[in-house]
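Inside the fold
As a plain string of letters, each chain reads:
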Amino acid sequence: MYDYIKALHIIFIVTWFSGMFYIVRLFIYNTEANEKSELERSILQKQFGIMIKRLWFGITWPSAILTLILGPWMWFMLGSLPTWLAIKLCFVIGLYAYHFTLHSIYKQQLKGAFKYSSMQLRVWNEVATIFLIAIVMLAVVKQSMSWFWGLVGLILFILILMSAIRIYKAIRKA
């Protein structure tokens, strides 16, 4: 039974992350539609609004909820809280906080309030990548992971990611 619950948990984690990655892309496109003519903006934002709502409530939220149900179920079946799992749960709590910030952006854009530039949203989109790497590494490598090198690797990844975003911004402006 544990393996079936684990498989379902992984499936819903994948769909949850997919939804979070794609929703921010839609937020970016919706924000960039503000730079278009009134007719184009109206058409694009109406379409993006439909896509955002369907993705958010049809895939992302249900996946987040099912992940939240299946994860503790697995933990209960495991019967203990190893150190790696405790650390992973800290990242998972951070991921849910990130999810709620996306919900806040969703509600703002639904009201026509665009508080973040497309570049700020691009940077925010990469936060999910950082959580993904940390959570997967902890789930797969577990006890054999060196905490020092794991942290150094995560920090280096973040620095590379932020550098890539700056390079992309420079190329886009050119």
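It should be noted that the structure appears before, not after, this text.
Summary of the structure given here. (Residues numbered from 1 in each chain as written. Predicted model: local features only at pLDDT ≥ 70, side-chain atom pairs only at ≥ 80, totals over all residues. Heavy atoms only, no water.)

1. Some details on the overall build of the protein chain
What the protein chain contains, in helices and strands, is five helices and zero strands. On the principal axes, the C-alpha backbone points of the protein chain span a range of 60 × 35 × 20 Å. The burial tally for the protein chain puts 34% of its 174 residues in the buried class. Put simply, 83% of the contacts in the protein chain that link residues at least 6 apart link residues at least 24 apart. Counting every atom, the protein chain has about 10,600 Å² of accessible surface; 72% of that belongs to carbon and sulfur. Taken as two groups, the 17 positive and 6 negative side-chain charges of the protein chain have centres that lie 6 Å from each other. (Helix = DSSP H or I, 4+ residues; strand = E, 2+ residues; numbered from the N terminus. Buried < 20%, exposed > 50% of the residue type's maximum accessible area, 1.4 Å probe, protein only. Contact = heavy atoms within 4.5 Å. Areas by Shrake-Rupley, 256 points an atom, 1.4 Å probe, with all protein chains shown as cover. Lys, Arg positive; Asp, Glu negative; His and termini not counted. Charge placed at Lys NZ, Arg CZ, Asp CG, Glu CD.)

2. Examining the packing of aromatic side chains
Summed over the entire model, instances satisfying the criterion amount to eleven aromatic pairs. Between Tyr 98 and Trp 124 the ring centres are 5.2 Å apart and the planes differ by 45°, which places this aromatic pair in the tilted class. With Tyr 98 in helix H3 (residues 83-110) and Trp 124 in helix H4 (residues 118-141), the pair connects residues that are 26 residues apart, well separated along the chain. Accessibility expressed as a relative area gives 2% for Tyr 98, which makes it buried. Using a relative accessible area of 32% as the deciding quantity, one classes Trp 124 as partly exposed. Grouped by ring-pair contacts, the aromatic residues Trp 56, Phe 57, Trp 61, Phe 100 and Tyr 106 constitute a single cluster. (Phe/Tyr/Trp six-rings, centres within 6.5 Å; stacked < 30°, edge-to-face > 60°.)

3. Some words on the nonpolar core
The tendency in soluble globular proteins is for nonpolar side chains to be buried as a group. Counting residues in each nonpolar core, the largest one holds 25 residues, and the members touching the most others are Ile 23, Val 24, Phe 27, Leu 95, Tyr 98 and Leu 102. Those elements that place two or more of their residues in this core are helix H1 (2-32), helix H2 (38-78), H3 and H4. At eight residues, H1 tops the list of elements feeding residues into this core. Not counting residues within four places of it along the chain, the set of residues in contact with Leu 95 comprises Trp 16, Phe 17, Met 20, Phe 131 and Ile 135. (Core = buried A, V, L, I, M, F, W, Y, C linked by side-chain atoms within 4.5 Å.)

4. A closer look at the layout of surface pockets
Each pocket or cavity is described by its volume, and for the largest pocket that value is around 770 Å³. Around the largest pocket, the lining is made up of 30 residues, and of these His 9, Ile 13, Met 74, Lys 88 and Ala 139 lie nearest the centre. Elements represented by at least two residues in the lining of the largest pocket include exactly H1, H2, H3 and H4. Examining the composition of the lining of the largest pocket, we find that ten residues originate from one element, H1, more than from any other. Residue classes in the lining of the largest pocket are distributed as 23 nonpolar, four polar and three charged. (1 Å grid on protein atoms, 1.4 Å probe; cavity = no way out; pocket = protein on both sides within 12 Å on 5 of 7 lines; lining within 4 Å. Points joined across faces, edges and corners; volume = space filled by probe spheres on them. Nonpolar A, V, L, I, M, F, W, Y, C, P; charged D, E, K, R; others polar.)

5. Description of a nonpolar patch on the surface
On the surface, Met 1, Ile 65, Leu 66, Ile 69, Trp 73, Phe 76 and Met 77 cluster together into a nonpolar patch covering about 720 Å² of accessible area. In this structure, Trp 73 sits in helix H2. Given a relative accessible area of 36%, Trp 73 falls into the partly exposed group. (Patch = residues over 30% accessible without salt bridge, like charges linked within 9 Å, V, L, I, M, F, W, Y side chains within 5 Å. Salt bridge = Lys/Arg side-chain N within 4 Å of Asp/Glu carboxyl O.)

6. A look at the packing of H4 against helix H5 (residues 147-173)
As a packed pair, H4 and H5 sit with axes 11 Å apart at the nearest point and diverge in direction by 155°. Considering the angle they form, H4 stands roughly antiparallel to H5. The two elements H4 and H5 meet at a crossing, and its hand is right-handed. Judged by residue contacts, Met 119, Arg 122, Val 123, Glu 126, Thr 129, Ile 130, Ile 133, Ala 134 and Leu 138 of H4 engage Trp 147, Leu 154, Phe 157, Ile 158, Leu 161, Met 162, Ile 165, Tyr 168, Lys 169 and Arg 172 from H5. Residue classes in the contact of H4 with H5 are distributed as 14 nonpolar, one polar and four charged. (Axes fitted to C-alpha atoms, helices over the stretch in contact; angles between N-to-C directions. Parallel < 35°, antiparallel > 145°, perpendicular 65-115°, else oblique. Left-handed = near helix turned anticlockwise from the far one by under 90°.)

7. Overview of the environment of Leu 121
Tracing the chain through its elements places Leu 121 in helix H4. Take Leu 121: its relative accessible area is 2%, and that puts it in the buried class. Excluding residues within four positions of it along the chain, Leu 121 makes contact with Val 24, Phe 27, Ile 28, Thr 31, Ile 105, Gln 109 and Tyr 116.

So, to be careful, I would describe these as geometric facts and stop short of saying anything about function.
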